[in-house]
Amino acid sequence: MSDASQSADAPGPTPATQGGRITATRPDRQSVVAFVADAGTEAILRDGLTDVTDLKAGRTLDMRRGTVRQAISAMTRLTPPQILIVDVTGEDRPLELLAELCDVVEPSVSLVVLGEIDDVDFYRAVLRRIGALEYMFKPITREMVARYFGPLITRKAVAGEATRGGRVIAVTGARGGVGSSMIATSLAWYLGVTSSRHALLLDADPLAGVSATMFGIAPQPPLSSLLSGAVPFDAADIEDLAEPVENRLSVLCDTPDPHRSISPAAGAVRRLIDAARLRFNFIVIDLPLMSSTFSRELLDLTHHRVIVLDPDGRVLLFKYDDPPPNGSHWNTPGGGLEPGEDYY
């Protein structure tokens, strides 16, 4: 058995370029990580996986003694593997624990559950509600292991369409200046840094987005380049394209520009969100109050929408220094004042 914290400080992924397109590589991502509750299952699983895991081909096997509870603790620190095997034997609330595990594991990980519950309703819940690839009823055999895992590890078979995916949360102010960007940023920080969830903050305000300044980053490539099609990408690239901030929080944004407008290419917004949902458990969108094709497309793809109100009717003003003839002027981040609002 290995120490559950052995890979906590493993190096991150290294970006590479192929044919002008940024591609993601995960040299530290293990092929299989397993948490097994008993010695008999561990021996069978190890023997069966060794039969199909070619270590010379760069595939790895990390077998640990433990249950789903130990898996939750370890996966808050470890790089997510290609396949994660967990054992729910003896747990009195296995579905709740599996849901908690999914909050700390990338949605792209193929999850396989072992257990002693022989019930069709439980089987369906594990696959449909949790989104696991398979539930294997114990006792297992070496032949079962080879049959289920061999094609996945050798990539001769593709896993079925994933039912798990990150949740998309849009935070919008009822008007400019009510603090919606601070709430979106704080929520993303709590999820990605405090709670160690894989979290992405998507700053969708092209005019006065605060993410780049708040976190001191220079986005390369900027969000507008991804959406315009200037930087081709696919689901495998999203980790390298997002700017890491701290722990498991990353950001996609632009540097603020009051003259910028985002005109996404056809299908680019959905492709970006679909790719992010495979990599991140939570995507928090700082969505400004403006009517645009970009904003409407993002709203169509959200699971939850938070609308921020200010009962005192006060707003935040930004000072814009525009070239002549406009010059310097004050305005709200989301536009002009609504009836009944004032400037203090």
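Look above for the structure.
Residues numbered from 1 in each chain as written. Predicted model: local features only at pLDDT ≥ 70, side-chain atom pairs only at ≥ 80, totals over all residues. Heavy atoms only, no water.

With that out of the way, let us pick up the overall build of the protein. Across its full length, the protein holds eleven helices and 15 strands. Taking the intrachain contacts of the protein between residues at least 6 apart in sequence as the baseline, contacts between residues at least 24 apart amount to 73%. A total of about 16300 Å² of accessible surface is found on the protein, and carbon and sulfur atoms cover 52% of it. (Helix = DSSP H or I, 4+ residues; strand = E, 2+ residues; numbered from the N terminus. Contact = heavy atoms within 4.5 Å. Areas by Shrake-Rupley, 256 points an atom, 1.4 Å probe, with all protein chains shown as cover.)

Before going further, it helps to spend a moment on the side chain of D87. For D87, the location among the structural elements is in strand β5 (residues 83-87). Here D87 falls in the buried class, since its relative accessible area comes to 0%. Separated by 2.6 Å, the side chains of D87 and T89 make a polar contact. Other than its neighbours up to four places away in sequence, D87 contacts F35, V36, A37, D38, G66, T67, V68, L114, G115 and K138. (Buried < 20%, exposed > 50% of the residue type's maximum accessible area, 1.4 Å probe, protein only. Polar contact = N/O pair within 3.5 Å; in protein donor to acceptor, adjacent residues only side chain to side chain.)

Scanning the model with the defined rule gives three aromatic pairs in all. Between F122 and Y135 the ring centres are 5.2 Å apart and the planes differ by 80°, which places this aromatic pair in the edge-to-face class. Here Y135 lies in strand β7 (residues 134-137) and F122 lies in helix α4 (residues 120-130), a separation of 13 residues in the sequence. Classification of F122 by relative accessible area gives buried; the value is 8%. With relative accessibility at 6%, the residue Y135 sits in the buried group. (Phe/Tyr/Trp six-rings, centres within 6.5 Å; stacked < 30°, edge-to-face > 60°.)

This part takes up the environment of F233. Locating F233 in the fold gives a position in the loop between α8 (223-228) and α9 (238-241). Sequence-wise, F233 and A268 are 35 residues apart; in three dimensions their C-alpha atoms are separated by 9.8 Å.

A few words on unusual backbone geometry. Where the residue is not glycine, phi is negative for most of them; where a peptide bond is considered, it is trans in most cases. In this structure, P139 follows K138 across a cis peptide bond, with omega equal to 5°. In the Ramachandran plot, S196 falls in the positive-phi region, its phi being about 55° despite a non-glycine side chain. Within the secondary structure, S196 sits in the loop between α6 (180-194) and β9 (199-203). Owing to a relative accessible area of 14%, S196 belongs among the buried residues under this scheme.

A separate point is the pairing of strand β11 (residues 249-252). Because side chains alternate across β11, one face comprises the buried residues L249 and V251, and the other comprises S250 and L252, equally buried. One ladder, built from four bridges, connects β9 with β11; its direction is parallel. Among the inter-strand pairings, A199 is bridged to a residue of β11, identified as L249. Pairing analysis gives three bridges linking strand β10 (residues 243-246) to β11, with the strands arranged antiparallel. Bridge pairing links E246 to L249 in β11. Between β10 and β11, which pair antiparallel in sequence order, lie two residues; one of them, N247, sits at a positive phi of approximately 50°. (Pairing = 2+ DSSP bridges.)

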